[in-house]
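Descriptive structure summary
Chain residues, written in single-letter form:
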Amino acid sequence: MKRPIVVVIPALFVLFSFSFTQRGMSAETQSRVVTLKNGIFAVVERRTDVPLVHMVVAVRAGSKYEPASQLGISHLIEHLILFGRSRPESETFVSRLRSRGGFLNGHTDSDLVTIELTFPRDELDFAVDLMGKIVFNRRFHQVDLDRERSVVQKEKSEAADNPERRGLFLMLESLFAGHPYSRSAFGNQQDLQQITLEDLHRHYQGLFLPGRSGVALVGDLDLHASVASLEKHLGKLATAPPADSAAAETPALQPLKQTVDIKRNMDVQRAHIWIGFRAPAYNHHHRVAMRVLSQMLGRGGYPLLSTRLSGRFQLVDAVSMNYLALEEEGCAWIHMVLESDNVKRARNEVDRFLKAFRAMNFSTRDLPPSRRRGVFDFMETAMNQLRLRSETGGEDGLQRALSYARFVLLNQRRRPKSLAAQLADLSPSRLRSVAADYLLKRPHVVITFLPEKTE
Amino acid sequence: MRRRGIRAIGVLCLFGLAACLVADGSESHELLETGLPIRVAFQRDLGSLVTVLQVVVPAGIRTVPGKRRGLALLTARTALEIPSALAVKELLEKGIQLSSWVDGDQAVLSMTSLSEHFADSVKILAEMLKNPLVSGIRLQRIKEWMGNREIAEQDSPMAVMRRSMDEHFLGPLGYSGGSMGCAETRKSITKSDVVAHLDNHYGKEQMSIAVVSDLEAKRVAALLRKHFKSLKGKPVETANKPTNSAPCPCAGHQNAPSIRKLEQPLLAWGMPLPPLNRESFVRSRVFARLLAGGPGSLAWKLRDPQGLAYTVGCDLRHYKHGGVMAVYLRTDPRLLDKAEEQLEAILQELLQIGVSPAQLTAAISQEVVDWYRSLQSKRERAWRLAAFDSNGLGADLTAGYPELVKGLNKSDMDVFIRNCVNPDTRWRLTLGAASDARENLQ
């Protein structure tokens, strides 16, 4: 019998900025990366703070793999995985899980579908077995498809009621025009109506395979027993796609050729503006620089954009900046909520700010030592905030499991560095250069929602 | 060779010690001996290199008169105004997070920092509490922020639902106006109101503090002793008097709320909860879990198998003098009547037949897991410890909650649930359908 490959890799912890100096090295020795016999990558980590275990299965089956005529099929499959029955008359998996205290959830993004499970530590073997049955080798039923199709349409309508989500979808549509990243996981109503059970199975069988999956188990568990349970319940699953299954290729991403400016009306109280930029992908060496930039410009207690827009001028009620690193490309966006009368001035002010950023001194490292006293260091602030966010994010076992599952599937860097090491490598001039590359030189997308009553 | 072996054993012992510390970290707390008249609950947790400190004072919505609603939140925000430019620089550059909020009974001041910066941050926090910066300009800015938030919340069906439910059920109990009050009450609040509120409610004897950290208890105690000893005092008996008074002048609008037309209107049934004590706290949470606490709960059948909604949930707020629980869903306008009928049938069944043992067992199991799930976050744990101490439920409830939940039985739950779902006291709310304001008035 072939033994599972068990490797201890401290490098895994680059996901969180842990320093092992105070905690001892217990965390390091209590984690393993395993490749199961059928090729599933798995991460197992022991954390005993609460008597729970979190399990995540991530599959390379996000919305970017959907055929153009079946938009929304990945998200629909995620719903059926969670809420479909093994037989039409049988109990749902979530009901079986509920009686044992478990929680099941799932998400579909452009790259991955993730299925997430939290359960009491005593239920480990039951939960791993159940997860295997939920995610792989499923047969779906028409009654479940009909119901979930209607529920997904309601979910999509709820998102349309929310100005923030609606604006974001519109921004992504233009930012990645011509590429699957441009579409929301909800798909469109016409395609959803036409997807058949056969379509669903073809897509599912081509993508939801052990070889396209990563698994993470985090919590109060025994490492040896967990690896054995994974091998027993997931390691024997067949990995080859059937001959007639869907192809899993995505078209190449084309550069954005010109700036797009879209204005819409919506029945809301305040105007919203999104300014979207293409940004570094998940494995890009500028990813951490972009994280620091978005933190420095639009997050935390004292971001630069806020000082510019809501300080002296009071142009906005709120301003924030976010960054999402997808596998093939990332996106960053500035979001403002403001009075309609201020829309033009706020946009001009952001333009002026970004142009001036190249010459801005935002760190004491920009100054000679004699002039540093009393000068506020925005870069140091952002880096410490990121370290804090990374630490607090890591307290949640499910978030750790999600990060690990993403990491084992998406990471292509041979020697990933820890967050602390990457932050230490950054300099103000590097941030200026990354900002110029992504936020200044290239075309971008501007979406404005104006309250209907002002028109 | 021998030396290497000894070193290996030493390293293994360290691993074991560290593992034990992690294991013990989240299960119980200790009372920190600071020599100060402040109750400090401490919990060591090596799971992250973060220290969270939360201060809870009994200075919530109900401690201000109706015509000054908004004062509790305004004061809590002011309490964290950083007194000097140098302190601002130090706090922000170290990435320290400060936040404050209020609920019906309490105000919470929260500080989260990397543990390496805890000594500096606790020093500055103590300075802020000793000499709060109450300036007219800052108060005006906070009032503007509150006004903007109030406007933005009008775009959120959930926020409108919460505010309406609070006004309907909690308004008559002295919590009218919510944390933000309205434009009229905010305008009437003066600088001296804020100073008086700080003096009356933020004394060290009134504080319940909780710290959750990877640092040693001794070190945390020494830092608190050093920096908090000169905080102002206020005898507990003269403060903390509930100021139950006339409702917020703008309260009437909330009982007939309206919101823009939604693609998925919101339908909710609100129910009153009895005053907060250990028993009602545990029972109301388990009832919420049972009724609409995710897949498999009673109201979930509207989602699966009926396919009537995507969102089905339960919202809960519980204070010393009472609480409110709202079960809600969002659905197509054409399905509202059917959804309402189905939801009503579930509530009627609870009223007439009660809960099934299997449903109760499942709800109990999930509630225990969800409690542990929430306690993974140091911030959540610190808040629970300090808030339970402040509201009299006892900080030990944080660790003891799962056992209390497991001890529930069907007959006690049936009595509790029947009181909640009584048709005479329930209130239905619809948001986002045509002419919902008129309907909600009926």
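Residues numbered from 1 in each chain as written. Chains lettered and ligands numbered in written order. Predicted model: local features only at pLDDT ≥ 70, side-chain atom pairs only at ≥ 80, totals over all residues. Heavy atoms only, no water.

This part is about the side chain of Q106 of chain B. Residues and elements named next belong to chain B. Counting through the fold element by element, Q106 comes out in the loop between β4 (97-102) and β5 (107-114). Q106 gets classed as buried once you look at its relative accessible area, which sits at 3%. There is a polar contact of 3.0 Å between the side chain of Q106 and the backbone oxygen of A387. Side-chain polar atoms of Q106 contact the side chain of S390, separated by 3.5 Å. (Helix = DSSP H or I, 4+ residues; strand = E, 2+ residues; numbered from the N terminus. Buried < 20%, exposed > 50% of the residue type's maximum accessible area, 1.4 Å probe, protein only. Polar contact = N/O pair within 3.5 Å; in protein donor to acceptor, adjacent residues only side chain to side chain.)

Across the contact, 65 residues belong to chain A and 67 residues belong to chain B. Summing both partners gives a buried area of about 5800 Å² for chain A against chain B, and 56% of it is carried by carbon and sulfur. Area buried by chain A at its contact with chain B is led by R98, F103 and K154 of chain A, which between them contribute 14% of it. In this structure, the connection of chain A to chain B is made through six salt bridges. Across the salt bridge formed by D161 of chain A and R330 of chain B, the nearest N and O atoms sit 2.9 Å from each other. Here chain A and chain B share 31 residue pairs in polar contact (both at pLDDT 80 or more) between them. For the side of chain A that touches chain B, the element with the highest residue contribution is helix α6 (residues 142-161) of chain A, accounting for ten residues. Grouping the constituent residues of the side of chain A that touches chain B by class yields 18 nonpolar, 26 polar and 21 charged. (Contact = heavy atoms within 4.5 Å. Buried area = accessible area lost by both parts, 1.4 Å probe. Salt bridge = Lys/Arg side-chain N within 4 Å of Asp/Glu carboxyl O. Nonpolar A, V, L, I, M, F, W, Y, C, P; charged D, E, K, R; others polar.)

Let us now look at the sheet that holds strand β1 (residues 30-31) of chain B. Strand order in the open sheet formed by six strands is β1-β2-β6-β3-β5-β4 (chain B), and the pairing between neighbours is mixed. With one partner strand each, in any of the chains shown, β1 and β4 of chain B form the two edges of the open sheet. Taken together, the six bridges between β4 of chain B and β5 of chain B define a ladder with antiparallel strand orientation. Counterpart to S99 of chain B in the pairing with β5 of chain B is S110 of chain B. Those strands touched by helix α14 (residues 378-393) of chain A are β3 (50-57), β4 and β5 of chain B, and its axis lies near 105° from that of β5 of chain B. (Pairing = 2+ DSSP bridges. Axes fitted to C-alpha atoms, helices over the stretch in contact; angles between N-to-C directions.)

All names here are of chain B. With antiparallel pairing, the four strands of this open sheet are ordered in space as β8-β9-β7-β10. For this open sheet the edge positions go to β8 (312-319) and β10 (427-431), each flanked by a neighbour on one side alone. Shown here is a sheet whose adjacent strand axes are inclined to one another by a mean of 20°, direction ignored. Packed on one face of the sheet, helix α12 (residues 336-352) meets β7 (266-273), β9 (322-330) and β10 and runs near 25° to β7.

Time to look at the confidence of the model for chain B. Residues and elements named next belong to chain B. Per-residue confidence for chain B averages 88 on the pLDDT scale, and 88% of its residues sit at or above 70. Mean pLDDT in chain B bottoms out at helix α1 (residues 2-25), which sits at 38, and peaks at helix α11 (residues 278-292), which reaches 98. Throughout residues 1-26 the model reports pLDDT below 50, and contacts reaching past four residues in sequence, or to other chains, amount to 24 contacts. For this predicted complex, the interface score ipTM comes out at 0.90, alongside a pTM of 0.91. (pLDDT = per-residue confidence, 0-100.)

Residues and elements named next belong to chain A. Between its first and last C-alpha, helix α13 (residues 343-357) extends 21 Å over 15 residues, near the 21 Å set by a 1.5 Å rise per residue. Every buried residue of α13 is listed here: V343, A346, R347, E349, V350, F353, L354 and F357. Down the axis, α13 shows its buried residues gathered within 160° of arc, on one side only. For α13, the exposed residues set more than 90 degrees away from the buried face come down to K344 and K355. (Expected span 1.5 Å × (residues − 1). Arc of directions from axis to C-beta.)

Attention now goes to the packing of aromatic side chains. One pass over the structure, following the stated rule, counts 17 aromatic pairs over all chains. On the basis of an interplanar angle of 10° and a centroid distance of 6.2 Å, the ring pair of W371 of chain B and F388 of chain B is categorised as stacked. Of this pair, W371 of chain B sits in helix α13 (residues 357-375) while F388 of chain B sits in helix α14 (residues 378-390), and the two are 17 residues apart along the sequence. A connected cluster of aromatic rings, assembled from ring pairs, spans F281, W371, F388 and Y401 of chain B. Against the face of F103 of chain A rests R373 of chain B, its NZ or CZ located 3.9 Å from the ring centre. (Phe/Tyr/Trp six-rings, centres within 6.5 Å; stacked < 30°, edge-to-face > 60°. Lys NZ or Arg CZ within 6 Å of the ring centre and 35° of its normal.)

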